[in-house]
Amino acid sequence: MFQQVRRCDYCSRAGFLTSFHLRDLNSYVFSTLNGREQVSTSGDRSIEFDQYPSELISSAAVYKSPKASLIEGGVAGTVELRTANPLSLEGDSKLSINARGMFNDRADEVADAKEFGHRFSFSYQTKFLDDTLGLALGYARLFQPSVSTQFIGLAYNAQADVDGLANDTDGPEDCPECENISEGFEMQHQGGEETRDGYMVAIEWAPVDNFTLKTDMFLSQFESEEFARGYRVKLGGAQTSITNPILSGNDVIGGTFNRTSGSFTRVELVNDNNQDSDEVLSLGINADWQATDNLNLAFDVSYSRATSDFRNGLLWSLVGEDATIANPQFDENISLSYLLNGLDLPDLAFNQADAFSDLDRVMVSKYGIYPFVNKDESTAYRFDSKYELDNDFVSSVEFGVRYSERDYSNDRSVFEYGNDSAFSVSQPPLSLTPDMLEIVDWSGEFGYFPSYPSIDLNSALNAWFPAGIPQPVQTWGTGHPGVINSPTGGEGPNTAWSVQESGDVSETVTAAYIMANLNMEIGDLPITGNIGIRRIETEQSSTVLQLATQNIVDPDTGEVLEVRGDPSLGAQYIVDEAGLINDYFKPDILTDKYTDYLPSLNLNFKLTDNQQLRFAAAKVMGRAPINRFAANSTTSIQTVTASQNPDTGAITLSSPTAKLSGQSKNSPYLRPFYANQYDLSYEYYFTETDGAFVAALFYKDIKSFIEDIALDPFDFSGNGFVVPDDINVAVFVEPDAPGDTPLAAVDVNGDPLFVTVPTENGKYETAVNNAKGGYIRGLELTYTQIYDFLPDAWSGLGVSASYSFTESEITRTLSSSVFSTDLPGLSENVAQFTVFWDYRGFETRLSTRYRDAFVSQQVAVNEQVVNFASEVVMDYQASYKINENLSAVFQINNLTDEPTRSYFGKEDLTGTIQFFGTQYFLGVTYSL
């Protein structure tokens, strides 16, 4: 099934190509540019459409069902984007200039946010040498500010007996008397600006009638700066004191939370700053030769490269007792009350509310920066042939081969200073001065939230690091047990993830296909279509650092003395960017190879001149994002603190055990998403007016998909991880008075006092190929009609409407339970309705899109799975053609300022409430 789509002139992001909603399976859409695979700055298979200015795209075609000649990868469908072919131009030349301004009505609510943006584009096509040489040039620039105001509830990840009821057994399996407690919540203003420059060049040469040579270049450069400011509330886990709890079932949705000596209840004042610099380059040359009247040969060479430098930075502050003294203390007198209100904003109260904007209380406690530097490039060679036949069944036969090499690299690094849960003694906090910040008030729906400081990052860092702001490095960290030259004797951070999450991935694909194009009649019924098969050989590999360690055991006592790398197992000295040497790991390359066969059938039955029946069947596959082939694995041990009462000598631990946790969501052994799919559609084209009615049924029999799972508890030692049975925690004496520096506790011999804390197996997150499968099935209805039979001005009235019903079921395993659930990202009901009117050069349209609730991920401190509530989004557009060359356009996006709302399983457990504002656009287009 094939659908032709006009380019998005006025899409929702004002100059970005909009994502194509293919049965609500946008994560499984494969896209090409001029028939070539495109790499992505995100390491994903789906291209980022905001990198492709709509002004430089001449057309887009959508294939809802595949054919053998298409590059594999489109489970939901394939989108073919194309730039201009200048020799196809009607006339000798064409010039188009477009300029627009934009405005966001919520920008004045966010400090430092810009209200106005703009976009400009230029394109020119011409032909030379008796129409044998064509040239197309294009340039598009976008400057777009962005704003949002948000509340984000955090996941429920702690349990405690909150209600104290006897015989209460409704709680989690490991704590039946317990209730579930949220990690906390966030309230933030977000803003920023995006600048994108896009360039397109195409040269087409046809020296003779049967040969065309075309070369083209597409370049998109994207810069963005974003900030998020406000506060993050950490409720404090199972050890916090909760009074007047309010429950929804077994979940705490409100109450008063007071910090205890064992809890981490606190309010972090956040000033996050992200910078992103991306570039996408696509080059290609294509030769098309009509060798004979029946034989066409085409050869294509392409290169695609994407680079991304994303720098995730944070600057967090805490409330102190007195920020003006020499040794300030973190204020542990913390009490807060809240009550969630479902899909509306919560009720909030803080005992420290006035202190949030008091420079004598607030101090910057932590700075961190975590760059992601990615490079993804692909080189491909493709040969296609088509031979026309003269018979009553098969009109032509196509054959082709394609070879591609794709290389992806990811480099992580880190710099951290200070502490996000208290004031560090060794890395003391920063006192703020009035010139470093401004106090920000909330407004609108959020107007009752307490004010907070918006801190200028450069001013704060220059004051905190007068000798120069340290830069992030890729490092093991001085606290990693494998480091043999730690300057701190093994004390300090363990940031081995920055080394282990860095690495290279390669993918080689060799594909061949054969396809017969059908053109026949059975009785009086004309039938067209194609049948074919595509064979794909894939080899994917990843660099990896594998543990190569052995335990050195005292032969007399059996005690483990140390754990060191074993050269006989391949362990090597690996030096990081900070000069630390680690001997735990063996560098290696993991490789996987597999072969797939993808048959496909597409049949079109012409029932009458205006009625058509289509049927399609195919096996489809969609590879995992290439960044998920990176073979990295990280583990960490929970930080535990110990404090001693100076009077009684009693020692209090922040946690009785140190939990082990880890993740390995990537693997070169991940296989693709596989499904057998079937499509049936009926199309009726109106004869008296322009328009059509289409009804379609689809079914995808899912054979395998990639699933993220969490094993809790996970046997770390039994699965080859080198982990300690316990850790030593330094004890500090509780200060006698505020402002005193905590002193290290000592034993009877005067030596520093340590306590031994046992480790405990915790959660391990990983990814597997789920072969239990499932299905996606649904119905689509589409109706479009222009009522040109109406009198006079009403003849330009028209309607476009669509509705889709989709249901899915996949089988998953959680611990020992097997259960069925929906495929993430799918809405059961999606509807769109547009009414438009065209009269004497004036066009106007109002569009409404409804989407049912669905399950997906929201990003807070970490990614977390939530239910997104249903939404209705309205857009409006009007344009007027002033004369043959000049036209004006006005547009409103998100007319009603519809927010994004989400929840954790039930609406009482608030997830996201986020407002983006309404955007207005006004511009002109000149063409010649």
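Here the residue numbers are simple positions, counted from 1 along each chain's written sequence. Predicted model: local features are reported for residues with pLDDT of at least 70 only, side-chain atom pairs are reported and counted for 80 or more only, and whole-chain, interface and lining totals are derived from all residues. As a rule here, side-chain values come from all non-hydrogen atoms in the structure, and water together with hydrogens is ignored.

Enquirer: Any chance you could break down the overall build of the protein chain for me, citing the residues and the numbers?
Expert: Secondary structure elements follow DSSP: runs of H or I no shorter than four residues count as helices, runs of E no shorter than two count as strands, and numbering proceeds from the N terminus. The secondary structure content of the protein chain amounts to two helices and 53 strands. In terms of C-alpha radius of gyration, the protein chain reaches 31 Å, essentially the compact-globule figure of 30 Å for 928 residues. Taken along the three principal axes of its C-alpha coordinates, the protein chain extends 100 × 65 × 60 Å. Burial classification: accessible surface area is computed with a 1.4 Å probe over protein chains only, and a residue below 20% of its type maximum counts as buried, one above 50% as exposed, and the rest as partly exposed. Taken across its 928 residues, the protein chain has 50% of its residues classed as buried. Pairs at least 24 residues apart make up 73% of the contacts formed inside the protein chain by residues separated by at least 6 positions. For the accessible areas, the method is Shrake-Rupley and the probe is 1.4 Å, while residue cover comes only from the protein chains on display. Here the protein chain displays about 41400 Å² of accessible surface, and carbon together with sulfur accounts for 52% of that area. The centroid of the 59 positive side-chain charges in the protein chain is displaced by 9 Å from the centroid of its 130 negative side-chain charges. It is over C-alpha atoms that the radius of gyration is taken, and the globule rule equals 2.2 Å times the number of residues to the power 0.38. Contacts are assigned to residue pairs with any non-hydrogen atoms lying within 4.5 Å of each other. Charged residues are defined narrowly, with Lys and Arg counted positive, Asp and Glu counted negative, and His plus the chain ends left uncounted. Think of each charge as sitting on NZ of Lys, CZ of Arg, CG of Asp or CD of Glu.

Enquirer: So what about the nonpolar core? Which residues, and what values?
Expert: Note on terminology: a nonpolar core comprises buried Ala, Val, Leu, Ile, Met, Phe, Trp, Tyr and Cys residues joined through side-chain atoms within 4.5 Å. Ranked by internal contacts, the top residues of the largest apolar core, which has 61 residues, are Phe185, Met187, Tyr231 and Phe350. With five residues, the top contributor of residues to this core is strand E19 (residues 362-388). With residues near it in sequence (within four places) discarded, Phe350 still touches Phe185, Met187, Tyr231, Val233, Val267, Ser335, Leu336, Phe356 and Pro450. Core analysis: the second largest hydrophobic core is formed by 21 residues, Val29, Ala60, Val79 and Val280 among them.

Enquirer: Just give me the short version of the state of the cysteines, but keep the residues and values in it.
Expert: Only a pair of cysteine sulfur atoms within 2.5 Å qualifies as a disulfide here. Following the criterion strictly, the structure yields one disulfide and no others. The disulfide that involves Cys175 links it to Cys178, with 1.7 Å between the sulfurs. Of the residues examined, Cys175 reaches a relative accessible area of 14% and is grouped as buried.

Enquirer: Explain unusual backbone geometry to me, and be specific about the residues and the numbers.
Expert: Notably, Asn34 is not glycine yet its phi reads approximately 55°, a positive angle. Take Asn34: it is sitting in the loop between strand E2 (29-33) and strand E3 (36-37). With phi around 55°, Asp130 is a residue other than glycine that occupies positive phi space. Residue position: Asp130 is located in the loop between strand E7 (116-128) and strand E8 (133-153). The exposure class of Asp130 is exposed, given its relative accessible area of 78%.

Enquirer: Give a description of a negative patch on the surface that names residues and reports values.
Expert: Distance thresholds for patches are 9 Å for like charges and 5 Å for nonpolar side chains (Val, Leu, Ile, Met, Phe, Trp, Tyr), applied to residues having over 30% relative accessible area and no salt bridge. Here a salt bridge means any side-chain nitrogen of Lys or Arg lying within 4 Å of a carboxyl oxygen belonging to Asp or Glu. On the surface, Glu405, Asp407, Asp411, Asp504 and Glu577 cluster together into a negatively charged patch. In terms of residues, the negative patch owes the most to one element, strand E20 (residues 394-412), which gives three residues. Here Glu405 shows up in strand E20. Overall, the relative accessible area of 38% leaves Glu405 in the partly exposed class.

Enquirer: Give me helix H1 (residues 457-464): which residues, what numbers.
Expert: Of all the residues in H1, the buried ones are Ala460, Leu461 and Trp464. For H1, the angular spread of the buried residues around the axis is 95°, confining them to a single face. Buried residues in H1 make contact with strand E16 (295-319), E19, strand E21 (415-418), strand E22 (430-431) and strand E24 (452-455). In this description, the arc belongs to the directions extending from the helix axis to the C-beta atoms.

Enquirer: I'd like a rundown of the pattern of salt bridges, residues and numbers included.
Expert: Under the counting rule described, the total for this entry stands at 37 salt bridges. Residues Asp331 and Arg361 are paired through a salt bridge, measuring 2.7 Å at the closest nitrogen-oxygen approach. Here Asp331 is found in the loop between E16 and strand E17 (335-341), whereas its partner Arg361 is found in the loop between strand E18 (344-350) and E19, with 30 residues between them in sequence. It is possible to trace a salt-bridge network through shared partners that takes in Glu37, Arg45, Asp376, Arg402, Arg406 and Glu507.

Enquirer: I'd love a proper account of the side chain of Ser502, names of residues and values included.
Expert: Its place among the elements puts Ser502 in the loop between helix H2 (497-500) and strand E25 (503-522). The residues touching Ser502, leaving out its near neighbours within four places in the chain, are Asn410, Asp411, Arg412 and Gln474.

Enquirer: Account for the environment of Lys366, with residues named and values stated.
Expert: Mapped onto the fold, Lys366 is located in strand E19. For Lys366, a relative accessible area of 12% puts it in the buried group. Remark: the alpha-carbon pair of Lys366 and Ile581, spanning 215 residues in sequence, is separated by 27 Å. Contacts of Lys366, omitting those with residues within four sequence positions, involve Leu314, Leu315, Trp316, Glu416, Tyr417, Gly418, Asn419, Asp420 and Trp464.

Enquirer: If you had to explain the packing of aromatic side chains to someone new, which residues and values would you point to?
Expert: Two rings from Phe, Tyr or Trp (for Trp, the six-membered ring) form a pair when their centres sit within 6.5 Å of each other. Planes less than 30 degrees apart are called stacked, planes more than 60 degrees apart edge-to-face, and all others tilted. All told, the structure shown has 39 aromatic pairs when counted by the stated rule. For the ring pair Phe686 and Tyr783, a centre distance of 6.0 Å and an interplane angle of 75° mean the geometry is edge-to-face. In this pair, Phe686 sits in the loop between strand E37 (673-685) and strand E38 (691-711) while Tyr783 sits in strand E42 (residues 774-786), placing the two residues 97 residues apart along the sequence. Phe686 sits in the partly exposed class, given a relative accessible area of 22%.

Enquirer: Can you lay out the confidence of the model for the protein chain for me, pointing to particular residues and giving the numbers?
Expert: Values of pLDDT, which run from 0 to 100, indicate the predictor's confidence residue by residue. On average, residues of the protein chain carry a pLDDT of 89, and 93% of them reach 70 or more. The least confident element of the protein chain, judged by mean pLDDT, is strand E1 (residues 2-5) at 35; the most confident is E20 at 97. Throughout residues 1-20 the model reports pLDDT below 50, and contacts reaching past four residues in sequence, or to other chains, amount to 83 contacts.

Enquirer: Hey, could you go over the environment of Asp272 for me, with residue numbers and the actual values?
Expert: As for its placement among the helices and strands, Asp272 is situated in strand E15 (residues 266-290). Through-space distance from the C-alpha of Asp272 to that of Ser800 is 43 Å; in sequence the pair is 528 residues apart. Contacts of Asp272, omitting those with residues within four sequence positions, involve Gln188, Glu226, Phe227, Ala228, Arg232, Gly313, Leu314, Leu315 and Trp316. Polar contacts, as counted here, are pairs of nitrogen or oxygen atoms within 3.5 Å of one another; within protein the pair requires one atom able to donate a hydrogen and one able to accept it, and residues that are adjacent in sequence qualify only if both atoms are side-chain atoms. A distance of 3.0 Å separates a polar atom in the side chain of Asp272 from a polar atom in the side chain of Trp316.

Enquirer: Lay out the pairing of strand E32 (residues 611-622) in plain terms, naming residues and giving numbers.
Expert: Only strands that DSSP links by at least two bridges are regarded as paired with each other. With eight bridges connecting them, strand E31 (residues 585-608) and E32 associate as antiparallel partners. Each bridged residue has a counterpart across the sheet, and for Asn604 the counterpart in E32 is Arg614. Between E31 and E32, which pair antiparallel and follow one another directly, the connecting turn spans two residues. Across 12 bridges, E32 lies against E37 in antiparallel orientation. Looking at the pairing, Val620 lines up with Ala675 of E37.

Enquirer: I'd like to hear about a nonpolar patch on the surface, residue by residue, with values.
Expert: On the surface, a nonpolar cluster with roughly 420 Å² of combined accessible area is contributed by Phe399, Val401, Ile514, Ile533 and Tyr597. For Ile533, the position within the fold is in strand E26 (residues 525-547). Judged by relative accessible area, Ile533 falls into the partly exposed class, the value being 35%.

Enquirer: Could you give an account of the environment of Gly342, naming the residues involved and the relevant values?
Expert: Of note, Gly342 is situated in the loop between E17 and E18. Look at Gly342 and you get buried, because its relative accessible area is 11%. When near neighbours in sequence (up to four residues on either side) are disregarded, Gly342 contacts Glu907, Asp908, Thr910 and Ile913.

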